[in-house]
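Residue strings, one per chain:
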Amino acid sequence: YWRNSELLFTRALERTERNAFALHSLAAAQLESGKTELAIQNFEECARLHPANGSVQRSLGQAYAAAGRYDEALVWSLAARALEPQAAGPMFGAARMHLELDNPDGASSWFAHALEQGRNIPETSSHAALLKLYVDARSDAVQLARRALSISPWDVPAFMVLNADA
């Protein structure tokens, strides 16, 4: 981002009407700087302007998750999934929200879907490994962690799984 992204995108919005790119970018900058509720408001406005944009739905889910509002985050992750049925990101988001809501079975199902779609996304493999460790499936967890590390040698959650018994 530019040295003051919020100012940049606020000024862009002052000069352009209904600029979804600037609004989405402003909300992302606000989320990054810890202004979560303000980011949620701007992502919601962006979703109203462009309801068929899966990236906007996914960003709104991430903002709700950052605010600890996991039920709402799950709703928006599933909305993004409906708009982007082949993308691993929304499935990964749904899996993470099920974990936050203490539903490992729901998380396991979404991680399985995400792994099918995102074979080369190390975060999907490593977070699925953490889930397997959580539900006491150690050998599956180690296999997924090794898969994540084969894609990205510095994947921290994968190291956490491999070092869980150390």
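As the structure is a prediction and not an experimental result, all values here were calculated from the model. (Residues numbered from 1 in each chain as written. Predicted model: local features only at pLDDT ≥ 70, side-chain atom pairs only at ≥ 80, totals over all residues. Heavy atoms only, no water.)

*Asks:* Help me understand the overall build of the protein in this model?
*Replies:* Check the secondary structure of the protein and you find ten helices and zero strands. By element, 52% of the accessible surface of the protein is carried by carbon and sulfur atoms, the whole surface being about 9100 Å². (Helix = DSSP H or I, 4+ residues; strand = E, 2+ residues; numbered from the N terminus. Areas by Shrake-Rupley, 256 points an atom, 1.4 Å probe, with all protein chains shown as cover.)

*Asks:* Explain the nonpolar core here, please?
*Replies:* Nonpolar side chains tend toward joint burial in soluble globular proteins. Grouped together as the largest cluster of nonpolar side chains are 35 residues, with contacts concentrated most on Phe 43, Leu 60 and Phe 111. Here this core takes six residues from helix H3 (residues 36–49), the largest share from any one element. Phe 43 has contacts with His 24, Ala 27, Ala 28, Leu 31, Val 56, Ser 59, Leu 60 and Ala 63, leaving out every residue within four places of it along the chain. (Core = buried A, V, L, I, M, F, W, Y, C linked by side-chain atoms within 4.5 Å. Buried < 20%, exposed > 50% of the residue type's maximum accessible area, 1.4 Å probe, protein only. Contact = heavy atoms within 4.5 Å.)

*Asks:* What exactly am I supposed to notice about the packing of H3 against helix H4 (residues 54–66) here?
*Replies:* Relative placement of two packed helices is described by the angle separating their axes and the distance separating the axes. The contact between H3 and H4 brings their axes to 9 Å, and the two run at 160 degrees. The angle between the axes of H3 and H4 places the two elements in the roughly antiparallel class. Like other packed secondary-structure pairs, H3 and H4 cross with a definite hand, here left-handed. Side by side, H3 and H4 meet where Thr 36, Ile 40, Phe 43, Glu 44, Cys 46 and Ala 47 of the first sit next to Val 56, Gln 57, Ser 59, Leu 60, Ala 63, Tyr 64 and Ala 66 of the second. Split by residue class, the contact of H3 with H4 holds nine nonpolar, three polar and one charged. (Axes fitted to C-alpha atoms, helices over the stretch in contact; angles between N-to-C directions. Parallel < 35°, antiparallel > 145°, perpendicular 65-115°, else oblique. Left-handed = near helix turned anticlockwise from the far one by under 90°. Nonpolar A, V, L, I, M, F, W, Y, C, P; charged D, E, K, R; others polar.)

*Asks:* Help me understand unusual backbone geometry, please; the structure alone is not making it clear to me.
*Replies:* With the exception of glycine, most residues fall at negative phi, and the peptide bonds are largely trans. One non-glycine residue, Asp 102, lies in positive phi territory at about 60 degrees. Looking at the element boundaries, Asp 102 is found in the loop between helix H6 (88–100) and helix H7 (104–117). On the basis of relative accessibility, which here comes to 55%, the residue Asp 102 falls in the exposed class.

*Asks:* Would you mind going over the packing of aromatic side chains with me for this structure?
*Replies:* Aromatic rings in a pair are described by how distant their centres are and how their planes are angled relative to each other. Within this structure, the stated rule accounts for one aromatic pair. Note on Phe 9 and Phe 21: the rings are 6.3 Å apart at their centroids and 80 degrees apart in plane angle, and the pair reads as edge-to-face. Taken together, the residues Phe 9 in helix H1 (residues 5–15) and Phe 21 in helix H2 (residues 20–32) connect sequence positions twelve residues apart. Accessibility expressed as a relative area gives 11% for Phe 9, which makes it buried. By relative accessible area, Phe 21 is classed as exposed at 62%. (Phe/Tyr/Trp six-rings, centres within 6.5 Å; stacked < 30°, edge-to-face > 60°.)

*Asks:* Would you explain H4 in this entry?
*Replies:* One turn of an α-helix holds 3.6 residues; hence residues three or four places apart share an orientation. Here H4 is 13 residues long and its end C-alpha atoms lie 18 Å apart, about the 18 Å a rise of 1.5 Å per residue gives. Among all positions of H4, only Gly 54, Val 56, Gln 57, Ser 59, Leu 60, Gly 61, Ala 63, Tyr 64 and Ala 65 are buried. On its buried face, H4 is in contact with H2, H3, helix H5 (70–83) and H6. At the exit of H4 stands Gly 68, carrying a positive phi of roughly 80 degrees. (Expected span 1.5 Å × (residues − 1).)

*Asks:* Quick question: what am I supposed to make of the pattern of salt bridges here?
*Replies:* When their charged atoms lie close together, side chains carrying opposite charge are able to pair. Overall, the coordinates contain six salt bridges when judged by the stated rule. Shared partners join several salt bridges into a network, and the residues in it are Glu 37, Arg 69 and Glu 72. (Salt bridge = Lys/Arg side-chain N within 4 Å of Asp/Glu carboxyl O.)

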